[in-house]
Each structure stands twice: as C-alpha cells, then as structure tokens.
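# Inside the fold
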Amino acid sequence: MSTSEHKLQRLKERITLLLNKAENTTFPHEAQAFQEHAERLMVRYGIGRAELDAQSAKAGKKKEAIVEEHFDMHGVYRLGQRDGLSAVGRAFRTVSMLQTNYSKSCRLYIIGHESDVATVKNLFTSLILQATAAMTHWWADEGKLYTQWYSDSEKSIERREFQRSFYLQVASRIANLYREESESTGNGNGTELVLVSRKEQVDDFVSSKYPFLRRSRNRAASGSANASIAGRVAGTKADLGFGKHVDAAAAGEVAS
C-alpha cells in the first residue's frame, strides 16, 4: 500500500470512530462536534481519492472507473426530492446529475467516479429518511396550524417545499465544506485543479454517452416562505454522515 493509500485508510478509520462517538454520546453538543468533524474528514477523504486517482493516472496506472447509477423517487413529494437531491449531488463538485421524469415517478442519474457515486447515492438514501422524519415532525407541530384553510393540494405543496428546502440547505452545507477543506489543505489551487479535472472527465463521459440531452421543463410549484424557512432550518441539523462505511453502496430505489 502506498503512503497516500495508507493515509486514506487511516482517514476512513478516523471517520468511522467519530461517527460512532457521535452516535453513542449522551451530550448533544458533543455529538454535534463529533459529527461536524467527521463531515469535514469525509469531504477531505473525497478530495484525497481524487488526488490519488490523478497521481495514478500520471504514473500510467489504472484510473478509477466512471460509473452511472440511478435513484428513483415516487409519491407526491418526488418533485421536491428531485430538485433538492439534484442540488445535493452537484454540490460534490465531481459528480454530474441527470434526470428523467415520468407521470408518477422521477429518476436521477448519478454519474461520476465509482467512489464519488457510492458516496452520493448512500447519502441520498439517508437524506430521504431524515427529510421525511423532519417534515412529519414540523407538520404535526406547526404546518397544520397555518394551513388549516388550505386545500389538500396546497398542503401537499407545503410539505414538498419543506423537503425541497431541506435538501437545498444540505447542498449549501456540502458546498461550503468543499470550499473550506480545499482552502485549508495548503494547496488550494492544486486541489481545485484536481477536482476540475475529475469533473471534466465525468462531463466528457456524459457528452459521449448522451449527445442529445435536453433541459427539463417539469417544474414543481413552490410553497410558502414559512415552509421554505422551516425546511432550511431542519436542513442545518441533517446528518451528513454519508454512511459509516465510506465506500458502501446503497439501495437504488426509495419510495415515499
């Protein structure tokens, strides 16, 4: 194992340890500190994988494969999930997101290097569960109070807006983590070039496989500012653990 590979392995072990500590402590502030530290290390791990792959390419070694996987969404909240999770995927800097919209479902295509796709897909599964739980709690405590005169359709739009805003806040958090970690490594320009190069490889793959892509026009109606703000507040508390096993794959379809 090379020095770089050994460092990444040690990083994975630290991430797992921090996540376990966050789960097992009875002190909320301590759990938050462990979680935030783990999140930063997980972004650093992703950057490290990109840098290691670039080094391997220069040495003439086999590069990490670019793969495509899909993530399906069903139910009345699928459009909010589609818009929000697309933003979460793009926040990872090295992944491309495509979508297909059907009459009763949406499909997101996650395209990138194998480790990046596994991370994003795993996170999507976790976020769907977290957003649903947060929305249910908000609706029971607050949402029903100011929507008592709304139609059933308007109420569904409010709950969808909550979820969409939840995911958009998560995307903002991930983007900030990438920026901060890239700047803190001490070789900010070098890291940026590696990430850009990795994304360009993915974009070339997408252009080659899908030469006739079109922009989607299936836009979801927006809910109120109340639902949007509540969703974003909940998104600040989301667990971005990406899964205990950094390279683990996740189930491809979640119904809600």
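Residues numbered from 1 in each chain as written. Predicted model: local features only at pLDDT ≥ 70, side-chain atom pairs only at ≥ 80, totals over all residues. Heavy atoms only, no water.

## Here's the deal with the nonpolar core
For soluble globular proteins, nonpolar side chains are generally found buried alongside one another. Core analysis: the largest hydrophobic core is formed by 43 residues, its most contacted members being Leu85, Val88, Phe124, Leu127 and Ile174. Counting only elements with at least two residues in this core, the list comes to α2 (28-58), β1 (66-74), α3 (78-90), β3 (105-113), α4 (114-146), α5 (152-184), α6 (188-209) and α7 (225-235). Examining the composition of this core, we find that 10 residues originate from one element, α4, more than from any other. If sequence neighbours within four positions are ignored, Leu127 has contacts with Leu85, Val88, Phe166, Tyr167, Val170, Ala238, Asp239 and Leu240. Leu8, Ala22, Phe34 and Leu41 belong to the second largest nonpolar core, which has 12 residues in total. (Core = buried A, V, L, I, M, F, W, Y, C linked by side-chain atoms within 4.5 Å. Buried < 20%, exposed > 50% of the residue type's maximum accessible area, 1.4 Å probe, protein only. Helix = DSSP H or I, 4+ residues; strand = E, 2+ residues; numbered from the N terminus. Contact = heavy atoms within 4.5 Å.)

## A closer look at the packing of aromatic side chains
To describe a pair of aromatic rings, you give the distance between the ring centres and the angle between the ring planes. Across all of its chains, the model carries 7 aromatic pairs by this definition. With a centroid separation of 6.1 Å and 75° between ring planes, the pair formed by Phe92 and Tyr178 is classed as edge-to-face. You can see Phe92 sitting in the loop between α3 and β2 (96-101) and its partner Tyr178 sitting in helix α5, a full 86 residues away along the chain. The buried category is assigned to Tyr178, whose relative accessible area is 4%. Ring geometry for Trp138 against Phe162: centres 4.8 Å apart, planes inclined by 15°, an arrangement best described as stacked. Taken together, the residues span a long stretch of sequence, with Trp138 in helix α4 and Phe162 in helix α5 at a distance of 24 residues. (Phe/Tyr/Trp six-rings, centres within 6.5 Å; stacked < 30°, edge-to-face > 60°.)

## Things to note about the confidence of the model for the protein chain
For the protein chain, the mean per-residue pLDDT works out to 84, and 88% of the residues sit at or above 70. Here residues 243-256 scores under 50 on pLDDT; set against residues more than four positions off or in separate chains, the count is 41 contacts. (pLDDT = per-residue confidence, 0-100.)

## Observations regarding the side chain of Ser228
Position of Ser228 relative to the elements: it lies in helix α7. The class of Ser228 is buried, set by a relative accessible area of 18%. Engagement of the side chain of Ser228 in a polar contact is seen with the side chain of Ser165, the distance being 3.1 Å. Excluding its chain neighbours within four sequence positions, the residues that come into contact with Ser228 are Glu161 and Ser165. (Polar contact = N/O pair within 3.5 Å; in protein donor to acceptor, adjacent residues only side chain to side chain.)

## Describing the side chain of Arg160
Among the secondary structure elements, Arg160 is positioned in helix α5. When near neighbours in sequence (up to four residues on either side) are disregarded, Arg160 contacts Val76, Tyr77, Leu79, Gly80, Ala220 and Ala221.

## Focus on unusual backbone geometry
A positive phi is found at Arg93, a non-glycine position, where the angle reads about 75°. Locating Arg93 in the fold gives a position in the loop between α3 and β2.

## Side note on the pairing of β3
Taken across its 9 residues, β3 has 8 buried, putting it largely inside the fold. Bridge count for β1 against β3 is 9 bridges, and the pairing is antiparallel. Within β3, the position partnered with Phe71 by the bridge is Leu108. Pairing of β2 with β3, which is carried by 6 bridges, proceeds in the antiparallel orientation. Bridge assignment links Met97 to a residue of β3, and that residue is Ile110. In this structure, the hairpin formed by β2 and β3 is closed by a connection of 3 residues. (Pairing = 2+ DSSP bridges.)

## Focus on the packing of α3 against α5
Taken N-terminus to C-terminus, the directions of α3 and α5 make an angle of 5°; their axes are 8 Å apart at the nearest point. Taken together, the axis directions place α3 and α5 in an arrangement best described as roughly parallel. Residues Leu79, Gly80, Gln81, Asp83, Gly84, Leu85, Ala87 and Val88 of α3 form the contact with α5, whose own contacting residues are Arg160, Gln163, Arg164, Tyr167, Leu168, Val170, Ala171 and Ile174. Tallied by class, residues from the contact of α3 with α5 come to 9 nonpolar, 4 polar and 3 charged. (Axes fitted to C-alpha atoms, helices over the stretch in contact; angles between N-to-C directions. Parallel < 35°, antiparallel > 145°, perpendicular 65-115°, else oblique. Nonpolar A, V, L, I, M, F, W, Y, C, P; charged D, E, K, R; others polar.)

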